[in-house]
Amino acid sequence: MSDNDFTRLPDLAVRTLGGAVLWANDESFAEKENLIRPEAATYSPATFGHKGQVYDGWETRRRRGDVGAHPAGDDADTAIVRLGVPGVIKGVVVDTAWFKGNYPPEVSVEAIALEGYPSVDELVAAEGWTTIVERAKVQGDSPNPFAVDSAKRWTHVRLRMFPDGGIARLRVHGLAKPDLRWLEAGPFDLAALENGGRIADCSNVFFSHPLNILMPGRARLMGDGWETARGRDRNANDWVQVQLVEEGVLNAVEIDTSYFLFNSPGAVSLTGIRADGTEVELLGRTVLQPDTRHRFFIDSDEPVVQARLDAYPDGGMARLRLFGTLTEAARDRLRKEQEELA
């Protein structure tokens, strides 16, 4: 994986996955919660509020030393983010979009793994934060990507900017590694991002990314799903391939076309891919309805590691759920992995 390839992985901190900015020492000009909004930052010139120009990001006040002196070299503003799902972090993006004369010259990122639901006071006082991005220079009005070399599982990150300024978005890309006890409690969605599923490949990302269909909860509008360009090749169709959290046996699928009224697929099929690369049909070509939550049982006891949904001929959908159970071998591998990540 090259330095910037990590951006293809899910953003573990994004609000739609359950991330939250729990604390910041200062947010005088713009709220800390903006850091993890799913959409790109926007800007409207000459939109002034009581505190000045309105910014879509997190912005702190200008630090001052004694008698108007410049800030000290180690002065910093800090925000703590709880990841929507714990995971192995492969890279972060500190995006300073639209911050041109007020961005921080340097940033750093730390991470920590904590059990349960620590309070804000406990997080602020916690010891054991590990630096995953050393203090580094950033550019204004730019995405600033940093690859992370860590094999540990983290639950929270701490963003610091030196000495002050504004940051539009913080993206924390990686592999979801939820608490294994939840995955052993019974049948669950093996494709869900929050459970460790991810997109392996797809045919088209023209209007929106297929990661959306693995997000938790129901879609709120069409833009919350995955939509392809209009297909003009009569010998081809669109498709998305999902990497399951681990090997499992699927027993049901939910294909949700909510909000896709005139652009949902006419039909779909679902194919399972075994560990050796061979395929098994899980759902034959089946007609779909627009703006509808479809649920189909799967009559197969074949263990699979991936699933490919073919959409005929093209179109969009809001969510894809693949319900099933892990094989015993998969459980053993996940137990071993969790021990190593700790």
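How each quantity is defined
- Residues numbered from 1 in each chain as written.
- Predicted model: local features only at pLDDT ≥ 70, side-chain atom pairs only at ≥ 80, totals over all residues.
- Heavy atoms only, no water.
- Helix = DSSP H or I, 4+ residues; strand = E, 2+ residues; numbered from the N terminus.
- Buried < 20%, exposed > 50% of the residue type's maximum accessible area, 1.4 Å probe, protein only.
- Contact = heavy atoms within 4.5 Å.
- Lys, Arg positive; Asp, Glu negative; His and termini not counted.
- Salt bridge = Lys/Arg side-chain N within 4 Å of Asp/Glu carboxyl O.
- Polar contact = N/O pair within 3.5 Å; in protein donor to acceptor, adjacent residues only side chain to side chain.
- Phe/Tyr/Trp six-rings, centres within 6.5 Å; stacked < 30°, edge-to-face > 60°.
- Pairing = 2+ DSSP bridges.
- Core = buried A, V, L, I, M, F, W, Y, C linked by side-chain atoms within 4.5 Å.

Looking at the side chain of asparagine 34
And step 1. Tracing the backbone shows asparagine 34 in the loop between strand E1 (20-24) and strand E2 (48-49).
And step 2. The class for asparagine 34 is buried, based on a relative accessible area of 11%.
And step 3. Residues within four places of asparagine 34 in sequence aside, it is in contact with Tyr55, Asp56, Gly57, Ala168 and Arg169.

Quick look at the side chain of aspartate 164
And step 1. Summarising the element assignment, aspartate 164 is placed in the loop between strand E9 (154-162) and strand E10 (166-167).
And step 2. No salt bridge is formed by the buried aspartate 164; the nearest opposite charge belongs to arginine 63, separated by 5.2 Å.
And step 3. Side-chain polar atoms of aspartate 164 contact the backbone nitrogen of arginine 63, separated by 2.8 Å.
And step 4. Leave out the neighbours within four places in its chain, and aspartate 164 touches Thr60, Arg61, Arg62, Arg63, Pro71, Asp77, Tyr103 and Pro104.

A look at the pattern of salt bridges
And step 1. Inspection of the entire model under this criterion finds 30 salt bridges.
And step 2. Among the ionic pairs, arginine 160 bridges to glutamate 110, the shortest N-O distance being 3.7 Å. Taken together, the residues arginine 160 in strand E9 and glutamate 110 in strand E6 (residues 106-112) connect sequence positions 50 residues apart.
And step 3. Residue classification places arginine 160 among the partly exposed positions, given a relative accessible area of 27%.
And step 4. With its nearest N and O atoms 2.9 Å apart, the salt bridge here joins aspartate 310 to arginine 308. Here aspartate 310 matches arginine 308 in class, with each residue buried.
And step 5. It is possible to trace a salt-bridge network through shared partners that takes in Glu184, Glu328, Arg331, Asp332 and Arg335.

So, the packing of aromatic side chains
And step 1. Enumeration over the complete set of coordinates arrives at 3 aromatic pairs.
And step 2. Centroid distance tyrosine 43 to tyrosine 55: 5.6 Å. Interplanar angle 40°. Geometry classified as tilted. Here the residue tyrosine 43 occupies a position in the loop between E1 and E2, and tyrosine 55 occupies one in the loop between strand E3 (52-53) and strand E4 (58-59), the gap between them amounting to 12 residues.
And step 3. We classify tyrosine 43 as partly exposed; its relative accessible area is 29%.
And step 4. Look at tyrosine 43 and tryptophan 98: their rings are 5.4 Å apart centre to centre, the planes differ by 15°, and that puts the pair in the stacked class.

Some words on the pairing of strand E16 (residues 267-273)
And step 1. By the criterion of burial, E16 is predominantly enclosed, with 7 of the 7 residues buried.
And step 2. The alternating pattern of E16 places Ala267, Ser269, Thr271 and Ile273 and Val268, Leu270 and Gly272 on opposite faces, both of which are buried.
And step 3. Bridge count for E16 against strand E17 (residues 279-287) is 6 bridges, and the pairing is antiparallel. Note that in E17 the partner of isoleucine 273 across the bridge is glutamate 279.
And step 4. Counting the residues that bridge the hairpin from E16 to E17 gives 5 residues, and of these glycine 277 lies at a positive phi of roughly 95°.
And step 5. Note: E16 against strand E19 (residues 304-312), 7 bridges, orientation antiparallel. What sits directly across from isoleucine 273, in E19, is glutamine 306.

A short note on the nonpolar core
The nonpolar side chains of soluble globular proteins are, as a tendency, buried together.
And step 1. Core analysis: the largest hydrophobic core is formed by 69 residues, its most contacted members being Leu35, Ile89, Val157, Leu250, Ile255, Leu270 and Leu322.
And step 2. The contact partners of valine 157, leaving out residues within four places of it in the chain, are Ala79, Ile80, Val81, Leu83, Ile89, Val109, Glu110, Ala111, Trp129, Leu170 and Val172.
And step 3. Ala30, Ala41, Tyr55 and Ala168 belong to the second-largest nonpolar core, a separate cluster that totals 6 residues.

Re the pairing of E9
And step 1. The buried fraction of E9 is high, at 8 of 9 residues.
And step 2. Examined bridge by bridge, strand E5 (residues 77-95) and E9 share 7 bridges and lie antiparallel to one another. Directly across from valine 81, in E9, lies its bridge partner valine 157.

With respect to unusual backbone geometry
And step 1. In this model, phenylalanine 162 is joined to proline 163 through a cis peptide bond whose omega is -10°.
And step 2. Along the polypeptide, proline 163 turns up in the loop between E9 and E10.
And step 3. With omega at -15°, the peptide bond leading from tyrosine 312 into proline 313 counts as cis.
And step 4. Within the secondary structure layout, proline 313 lies in the loop between E19 and strand E20 (316-317).
And step 5. In the Ramachandran plot, valine 67 falls in the positive-phi region, its phi being about 50° despite a non-glycine side chain.
And step 6. Structurally, valine 67 can be placed in the loop between E4 and E5.
And step 7. A residue is classified by how much of its surface remains accessible, and valine 67, at 89% relative accessible area, is exposed.
And step 8. One non-glycine residue, tryptophan 98, adopts positive backbone phi at about 75°.
And step 9. Inspection of the secondary structure assignment puts tryptophan 98 in the loop between E5 and E6.
And step 10. Classification of tryptophan 98 as partly exposed rests on a relative accessible area of 33%.

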